[in-house]
Structures are given as structure tokens and as C-alpha cells.
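One letter stands for each residue in the lines below.
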Amino acid sequence: MTFGQVYEVFARKTHDEPLRHVGSVNATDDDLAKAYAWTLYDEESWVEMCVVPRSAVIPITQHGSVPVWGN
Amino acid sequence: MTTDTKPVFESLEGMSEPCRLGLRNIIMACADTKLLLGYHYGEWTFGTPELEAAVASCSLSQSELGHVRLLQAVLKKHYGDDPERLIDNRPAAEFANVAFLDEQIERWPGFVAMNAIVDLAVARVLHAFRGSSFKPLRMSVEKMLDEERYHIHHGRGWFRALARQGEVTRGSLERQACAALTSVAEWFGPADDEQDAALVGASVKSMANAEIFRALLEDVSEMASGTGVNVAAAQRASLDGWNPATRRVGVGGPNEEILFHLRGSKNEVFKLG
């Protein structure tokens with residue numbers, strides 16, 4: 001029903017590991033994105049979780065393509 | 001040099017009678033409201049407008065029911081209230097939940113008002129127990145508030161999302177929000193409640209209910225600002241004859257259908273003895 005934007009979800013289980021991408025949610029604003037991320041990706045006891053609007057991510061490689069030197 | 005004279009209660013020993021009574025009543029009121037919130041969130045797991053909200057609703061239900069267990073454990077240990085009796089054998093008229101939750105929540109704007117206003121009201125009461133002089137409760141409050149944060153994000157997000165949906169939806173949200181606020185005002189009770197004053201006086205609670213309600217109104221007004229939803233129409237009914245145990249002026253309580261499901265009556269035969 002709601003038309004929002006995609007938020008990428010990042011989380012980590014311990015403070016000494018890097019944040020990793022765990023998935024994404026669709027939400028109309030930051031509040032809903034936080035609630036959805038927390039309740040959808042609750043398979044671990046995260047010490048940190050954050051969401052980033054996909055529109056705020058600046059791609060460096062060409063979108064969707066594999067660089068000639070591979071990944 | 002000043003010394004901290006704030007009392008610390010490991011149990012009810014040393015508390016005044018109004019304080020003991022007030023503490024039982026407010027814990028019961030929070031537990032009952034959370035029980036009903038848990039029920040309604042659970043019911044809405046399969047009725048939300050989008051899949052993410054269904055998952056969230058299910059999660060909100062689980063955390064509310066977990067909080068009920070924490071609060072009822074305090075009631076059991078310190079007041080001898082058996083959690084099974086509190087749910088299975090208590091007449092509806094003895095429940096102390098926010099009256100907005102007495103009946104089925106039929107439409108999504110009602111759910112959003114419940115989430116954004118009623119749930120937040122209980123969270124605000126729990127917040128007033130942070131650093132409480134009653135140690136057994138203080139230890140559970142942080143965990144509950146930590147989880148409540150996501151309930152509030154969900155309520156606020158949906159409140160604003162619905163307010164943008166057009167005049168009819170916004171009007172429906174406004175009516176439900178005002179009804180929820182009116183109901184919450186009754187639940188908080190009169191400003192001169194003796195038991196509430198005793199709780200604040202003994203540092204069991206950091207704020208009086210009237211102050212908490214004012215803070216809630218500010219939260220809701222801030223949430224509604226710029227959305228076109230006018231919550232100023234919420235009524236504060238007369239609180240003459242208000243009962244601190246049921247937190248109502250008259251007689252009420254959850255309807256029998258809700259109690260039937262809460263009690264697991266349909267599956268009574270499978271209850272473990």
C-alpha cells in the first residue's frame with residue numbers, strides 16, 4: 001500500500017567485526033525503515049544495526065556490471 | 001557535601017500503604033494493557049496492508065507478551081498474584097487495560113492509533129520507572145524500553161504514512177487517534193491521585209501520571225504536526241468516581257471474545273497441568 005524507498009540494512013553481531021549487509025526493506029520513512037529492519041532481520045542478537053537509503057549509496061563501479069579484473 | 005537519600009526497596013518492605021497499592025495498580029495496568037496490545041498485534045499479523053508490517057506486527061506481539069510475563073513475575077513475587085489466575089480466572093471488569101483495546105480493532109487506522117498512542121503511553125510509564133527505587137522493577141525496565149523503541153518507530157512511521165493517504169484516511173486516523181487519547185487520559189487518571197503521589201514521593205516513579213500524560217500529548221502533537229491530523233479534539237472526560245484499580249470511571253473491560261482467545265479457551269483441553 002505504501003510507496004517508499006528501498007533501505008539497505010547493515011548489522012554486526014560483535015563490536016570487533018565489520019558491519020555487513022544483511023538485506024533491505026521498503027519503507028516510507030526512516031522510522032518505518034528502522035522498525036521493519038529490526039523486526040525482519042532479527043535472527044541474531046545484533047550489537048549494531050543501521051539502515052541506509054539506497055538512493056544515498058554512490059556506486060563506484062558501474063551498476064550491475066562486473067569490472068574487467070573481476071570482483 | 002550532599003548525600004543521596006533516595007530510598008531503595010528490594011521488596012515492598014518499608015513502603016507506605018498507598019505506595020504499595022499504587023505500585024500494584026500501575027504494574028497491573030501496564031501488564032493488562034500490554035496483554036491486550038499483544039493480542040491485537042497478534043490478530044493483525046494477517047491483516048496488515050503490507051508484508052513488512054505483518055512481520056513487524058507479529059514481532060510487536062511477541063515482545064508485548066514477553067513484557068507481560070516480566071511484569072506478572074513482579075506481581076507474583078511481591079503481591080502473590082498468580083499469573084494464570086490473572087488471565088484465566090479474572091472477570092473482565094477487573095482488567096485495568098486502556099479501554100481503547102476492549103473491542104476488536106476493525107481497521108488499520110485503529111491499529112495505527114493503538115500503536116502510536118496507546119503503546120507509547122505504556123512505554124512512557126515504563127520510562128518513569130527508570131532508576132526506580134523499587135529495584136525488582138528497575139531491573140526489567142531497561143529491556144522493555146529497548147524493545148519499545150521499535151514499537152514507537154513503527155507507530156510513528158505508519159501514522160505519518162496514513163496521514164498522507166488523503167482526506168478520508170486522514171479523517172479516520174484523526175478519529176481513532178482522538179479516541180485513543182481520550183481513553184489513555186482516563187487510564188492515567190486524575191492529577192490528584194493519592195497512590196500516584198505516593199509512588200513519586202518514594203521515588204518509585206520519577207514522574208506523576210499527569211506529567212507523563214502531558215509528555216505524551218507533546219509526543220503525539222509533534223508526530224502529528226504538519227500531517228493535517230488534528231489531535232486537539234481529544235476529550236478529557238470527567239474523572240469523578242475514577243477507580244485506581246481498573247483505571248476507569250465506569251465498569252468495562254475486554255469483550256468476551258477477546259478474553260476467550262487470551263485464555264486459550266479453545267485449546268483448554270491441551271493445557272499442561
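Report on the accompanying structure. (Residues numbered from 1 in each chain as written. Chains lettered and ligands numbered in written order. Predicted model: local features only at pLDDT ≥ 70, side-chain atom pairs only at ≥ 80, totals over all residues. Heavy atoms only, no water.)

### Considering the overall build of chain A
Inference 1: The number of helices and strands found in chain A is one helix and three strands.
Inference 2: For chain A, the sequential pattern of α-helices and β-strands runs β-β-α-β.
Inference 3: Looking at chain A residue by residue over its 71 residues, the buried ones come to 32%.
Inference 4: Excluding contacts between residues fewer than 6 apart, the proportion of contacts in chain A whose partners are at least 24 apart in sequence is 45%.
Inference 5: For chain A, the accessible surface area stands at approximately 4700 Å², while carbon and sulfur atoms represent 55% of it. (Helix = DSSP H or I, 4+ residues; strand = E, 2+ residues; numbered from the N terminus. Buried < 20%, exposed > 50% of the residue type's maximum accessible area, 1.4 Å probe, protein only. Contact = heavy atoms within 4.5 Å. Areas by Shrake-Rupley, 256 points an atom, 1.4 Å probe, with all protein chains shown as cover.)

### Some thoughts on helix α1 (residues 30–40) of chain A
Inference 1: If you check which residues of α1(A) are buried, you get D31(A), L32(A), A33(A), A35(A), Y36(A), A37(A) and T39(A).
Inference 2: Buried positions along α1(A) lie against β1 (5–12), β2 (20–27) and β3 (48–53) of chain A together with α2 (51–79) and α5 (135–163) of chain B.
Inference 3: For α1(A), the N-terminal capping position is held by D29(A), with its side-chain oxygen 3.3 Å away from the main-chain nitrogen of D31(A). (Polar contact = N/O pair within 3.5 Å; in protein donor to acceptor, adjacent residues only side chain to side chain.)

### A closer look at unusual backbone geometry
Residues and elements named next belong to chain B.
Inference 1: With a phi angle near 60°, S203 is a residue other than glycine that sits in the positive phi range.
Inference 2: For S203, the location among the structural elements is in the loop between α7 (194–201) and α8 (209–224).
Inference 3: Assessed through its relative accessible area of 24%, S203 is described here as partly exposed.
Inference 4: The backbone phi angle of R247 is positive, close to 60°, even though this residue is not glycine.

### Quick notes on the packing of helix α4 (residues 108–127) of chain B against α8(B)
Two packed helices can be described by the angle between their axes and the distance between those axes.
Residues and elements named next belong to chain B.
Inference 1: Put simply, α4 and α8 touch, their axes get as near as 10 Å, and they point 140° apart. One finds that α4 runs oblique with respect to α8. Here the hand of the crossing between α4 and α8 comes out right-handed. Contact with α4, carried on its side by A116, I117, L120, A121, R124 and V125, involves I212, A215, L216, D219, V220 and M223 of α8 and no other residues of that element.
Inference 2: Taken together, the residues that form the contact of α4 with α8 break down as ten nonpolar, no polar and two charged. (Axes fitted to C-alpha atoms, helices over the stretch in contact; angles between N-to-C directions. Parallel < 35°, antiparallel > 145°, perpendicular 65-115°, else oblique. Left-handed = near helix turned anticlockwise from the far one by under 90°. Nonpolar A, V, L, I, M, F, W, Y, C, P; charged D, E, K, R; others polar.)

### Quick notes on the packing of aromatic side chains
Ring pairs (aromatic) are described by centroid distance and by the angle formed between their planes.
All names here are of chain B.
Inference 1: For the coordinates displayed, the defined rule picks out eight aromatic pairs over all chains.
Inference 2: Ring geometry for W44 against W108: centres 5.4 Å apart, planes inclined by 55°, an arrangement best described as tilted. Linking W44 in the loop between α1 (17–43) and α2 with W108 in helix α4, this pair joins segments that are 64 residues apart in sequence. Both residues of the pair, W44 and W108, count as buried.
Inference 3: Ring centres of W108 and W158 lie 5.1 Å apart, and the angle between their planes is 85°; on these two criteria the pair is classed as edge-to-face. On the criterion of sequence distance, the pair formed by W108 in helix α4 and W158 in helix α5 is long-range, its members being 50 residues apart.
Inference 4: Classification of W108 as buried rests on a relative accessible area of 8%.
Inference 5: Accessibility expressed as a relative area gives 0% for W158, which makes it buried.
Inference 6: Cluster of aromatic residues (ring-pair linked, three or more members): Y41, W44, W108, F111 and W158.
Inference 7: One Lys or Arg, R90, reaches over the ring of F95 and ends 4.0 Å from the middle of that ring.
Inference 8: Between R247 and the ring centre of W187, over which it is positioned, the NZ or CZ distance is 5.9 Å. (Phe/Tyr/Trp six-rings, centres within 6.5 Å; stacked < 30°, edge-to-face > 60°. Lys NZ or Arg CZ within 6 Å of the ring centre and 35° of its normal.)

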